[in-house]
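So you can see what is in the structure, the chains are spelled out below.
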Amino acid sequence: MPSIRLHNVTFAYDGRTPVLHAVELHLAAGWTGIVGANGAGKTTLLGLAAATLAPTAGAVVHDPRGATIRLCRQRVDDPGDEVLDLAAATDRQALRWLRRLELDPSQVERWRTLSAGERKRWQVAAALAAEPDVLALDEPTNHLDARSRSVVIGAIERFRGVGLIVAHDRELLDTLTATTIHVDGGTATAYTGGYSAAHAQREATLAARQSVRDRASAERKRAARTLADARRTAASADSAVSASTRIKGPRDSDGRSMGARNLAAWAAAGAGRTVTRRRRELEAAEAAVEAVPVERARGQTLELAWEPPPRRWLATLDGVTLRAGTRSLARDVRLSLARDARVHVTGDNGAGKSTLLGALLSATAIPAARLLWLPQELRADEGQALAGELAALPAAARGRVGQLAAALGMDPSRALGSGLPSPGEVRKLLIALGLARPLWLVVLDEPTNHLDLPSIERLEHALAAYPGALVLTSHDDRFARRLTTARWHVGGGRVVIDPTDPTGATGGAT
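It should be emphasised that the depicted structure is a prediction, and the values quoted were computed from it without experimental measurement.

Between its first and last C-alpha, helix H14 (residues 453-465) extends 19 Å over 13 residues, near the 18 Å set by a 1.5 Å rise per residue. Regarding H14, the residues found buried are Leu453, Ser455, Ile456, Arg458, Leu459, Glu460, Ala462 and Leu463.

So this is what it looks like as structure tokens:
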């Protein structure tokens, strides 16, 4: 059976601080999940295992040597040679994978008009068609609707080699993986089981470690108190020695004076030895505390700025046709978006959800400073553009953005200073820039894509408390259910309001 071993692996980008340090892992056949905060090194670890990155130190050993490896990256901007080869293939194996992933070769000719979910299915199909020994997937369920997600999971479940998957999809990780690697602080620790089991193990380990550190901290405080007491005693003894050496009175005998001096000196020497012993005890207690590192809590509660818009209706579509290129997705779309609307836009991949969001944004006259728009996919150079935008902000505004980014669990200066901010880090910076100003409308296209799980929960909490208009697409049903009260469904050439929604009055559709 194929396997991968990482021996004392360290990796740093361009001589910077190592992202991973002295990692030791054995990756066996079967699926292994890789989880951790954005920027912790999940994608870096995936690249090392898939041999697209070479370690700065240590070794990555593949068995068999010369193993066939395929890596599906997060981005789906271009089809790549593997997708083009699969679309052109006519052999039985290629056709089998096209059927399993429900793909039509003609789609590749209009790649730019395909939804991100459709592109992701092509990406996964091309990797599986190569029958690799190692298959590495970076967020494979991003962008997928419920049906596409089921199709992709059904396909990758058949894989029997070394499977590695970076994902924030808890249900997928619990269903698919037998081992979970948590990446944090330059380390990579393996736990048995899927995400939920591994999370419970990790929490138990962290709690036990915190308990040990708490006891060590209590001992350090006790040692500090006893050292302070010993020093006070030593100071008193030194004072007594000084007093005994003063010129004796006319009635003092030499013997009595000498005895007093000796007693004082002995007491001072004993007190000095006690101080030395107590100081060593404190040093040992401090070392015991430092020997038990604990994870510093990341993130804070997010709060969105809001001010009531001056008008009730923020956008209206009156008989609009939604198009992707020359293809018509929906005709005669009639919708009105109220200032308190909470709308979940649903539909299959390629139905036109993102196109509908774009049409709403075009129809609104909201000032840019009162609108937060987060697209489904960001440009590859977005991190560099953000660095310039942040640098141009006044100090107070820049500080506010930094606070919001920290609330999402990241250090913006570190992310931009790395030169290679992860897609999740770029996403958090864009969200922070948007939340730093009073908003009338928040429009989010798959906002949980690329975000780590703690950040998703904090963003969900903030949006639940936000009183303004919200329109989103999301394949995370739990996230959408908590945040929205109306549903607009795109499909069959139409946009319709779910008839079961009690809030249909906030918008109309035909």
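A separate point is the side chain of Ser148. Checked against the element boundaries, Ser148 lands in helix H5 (residues 146-156). Other than its neighbours up to four places away in sequence, Ser148 contacts Arg121 and Asn349.

For the structure on display, the rule yields 12 salt bridges. Taken together, the salt bridges that share partners define one network made up of Arg149, Asp169 and Glu171.

Turning to the sheet that holds strand S4 (residues 57-63), a few remarks are in order. The three strands lie next to each other as S2-S1-S4, forming an open sheet whose pairing is antiparallel. Across the chains shown, the open sheet's two edge strands, defined by having one partner strand only, are strand S2 (20-27) and S4. On average, each strand axis in the sheet is tilted by 10° relative to the strand beside it, whichever way the strands run. The pairing of strand S1 (residues 3-11) with S2 spans five bridges and is antiparallel. By the bridge assignment for S2, Phe11 is matched with Leu20.

Time to look at unusual backbone geometry. Residue Pro64 is bonded to the preceding Asp63 through a cis peptide linkage, with omega at 5°. Looking at the secondary structure, you find Pro64 in the loop between S4 and strand S5 (69-72). With a phi close to 55°, Glu139 is a non-glycine residue in the positive phi region. The residue Glu139 is located in the loop between strand S6 (134-138) and H5 in this model. By relative accessible area, Glu139 is classed as buried at 5%.

Take the nonpolar core next. In terms of nonpolar packing, the biggest core is built from 71 residues, with Trp122, Val442 and Leu463 touching the most fellow members. Leave out the neighbours within four places in its chain, and Val442 touches Leu304, Leu372, Leu463, Tyr466, Ala469, Leu470 and Val471. Counting residues in hydrophobic clusters, the runner-up holds 32 residues, among them Leu314, Ala315, Ala338 and Val343.

Relative to each other, helix H3 (residues 92-100) and helix H4 (residues 116-129) sit at 145°, their axes nearing to 10 Å. Of the two possible hands of crossing, H3 and H4 adopt the one that is right-handed. Contacts between H3 and H4 involve Gln93, Trp97 and Leu98 from the first element and Trp122, Ala125, Leu128 and Ala129 from the second.

If you walk across this open sheet you meet the six strands as S5-S6-S7-S3-S8-S9, and the pairing is mixed. Only two strands of the sheet have a single partner each, and these edge strands are S5 and strand S9 (187-192). With strand direction ignored, the average angle separating the axes of adjacent strands in the sheet is 20°.

Bringing the environment of Ala37 into the picture now. Among the structural elements, Ala37 can be located in the loop between strand S3 (30-36) and helix H1 (42-49). A residue is classified by how much of its surface remains accessible, and Ala37, at 18% relative accessible area, is buried. Counting along the chain gives 388 residues from Ala37 to Glu425, while the straight-line C-alpha distance between them is 9.5 Å. Dropping the residues within four chain positions of it, Ala37 is found in contact with Lys42, Val183 and Asp452.

Here we take up the packing of aromatic side chains. Each aromatic ring pair is specified by the distance between its two centres and by the angle formed by the two planes. Applying the stated rule across the entire model yields two aromatic pairs. When the ring of Phe11 is compared with that of Tyr13, the centres are 4.7 Å apart and the planes differ by 85°; the resulting orientation is edge-to-face. Centroid distance Trp31 to Phe159: 5.7 Å. Interplanar angle 55°. Geometry classified as tilted. Linking Trp31 in strand S3 with Phe159 in the loop between H5 and strand S7 (162-166), this pair joins segments that are 128 residues apart in sequence. Taken individually, Trp31 and Phe159 each receive the classification buried, so the pair is uniform in this respect.

On the secondary structure map, Asp63 appears in strand S4. With residues up to four places along the chain from it excluded, the contact list for Asp63 reads Met1, Pro2 and Ser3.

In this section: the confidence of the model for the protein chain. A low pLDDT means the predicted coordinates there should not be read in detail. Mean pLDDT over the protein chain stands at 83; residues scoring 70 or higher make up 85%. Segment residues 501-510: pLDDT under 50, and 32 contacts once partners within four positions in sequence are set aside and those in other chains are kept.

Now for the environment of Trp373. By the element assignment, Trp373 lies in strand S13 (residues 371-374). The sequence separation of Trp373 and Leu441 amounts to 68 residues, and the corresponding C-alpha distance is 8.5 Å. Ignoring anything within four residues of it in the chain, the contact list for Trp373 reads Leu357, Leu361, Val443 and Asp445.

Looking at chain direction, strand S8 (residues 179-184) and S9 are connected through six bridges and run antiparallel. Paired with His182 across the bridge in S9 is Thr189. The antiparallel hairpin formed by S8 and S9 contains two residues in its connecting segment, where Gly185 sits at a positive phi of about 60°.

This next bit is on the packing of H4 against H5. The N-to-C vectors of H4 and H5 enclose an angle of 10°; their axes lie 11 Å apart at closest approach. Considering the angle they form, H4 stands roughly parallel to H5. Counted together, Arg121, Val124 and Leu128 of H4 and Ser148, Val152, Ala155 and Ile156 of H5 form the full contact between these two elements. Residues of the contact of H4 with H5, tallied by class, amount to five nonpolar, one polar and one charged.

How each quantity is defined
Residues numbered from 1 in each chain as written. Predicted model: local features only at pLDDT ≥ 70, side-chain atom pairs only at ≥ 80, totals over all residues. Heavy atoms only, no water. Helix = DSSP H or I, 4+ residues; strand = E, 2+ residues; numbered from the N terminus. Expected span 1.5 Å × (residues − 1). Buried < 20%, exposed > 50% of the residue type's maximum accessible area, 1.4 Å probe, protein only. Contact = heavy atoms within 4.5 Å. Salt bridge = Lys/Arg side-chain N within 4 Å of Asp/Glu carboxyl O. Pairing = 2+ DSSP bridges. Axes fitted to C-alpha atoms, helices over the stretch in contact; angles between N-to-C directions. Core = buried A, V, L, I, M, F, W, Y, C linked by side-chain atoms within 4.5 Å. Left-handed = near helix turned anticlockwise from the far one by under 90°. Phe/Tyr/Trp six-rings, centres within 6.5 Å; stacked < 30°, edge-to-face > 60°. pLDDT = per-residue confidence, 0-100. Parallel < 35°, antiparallel > 145°, perpendicular 65-115°, else oblique. Nonpolar A, V, L, I, M, F, W, Y, C, P; charged D, E, K, R; others polar.

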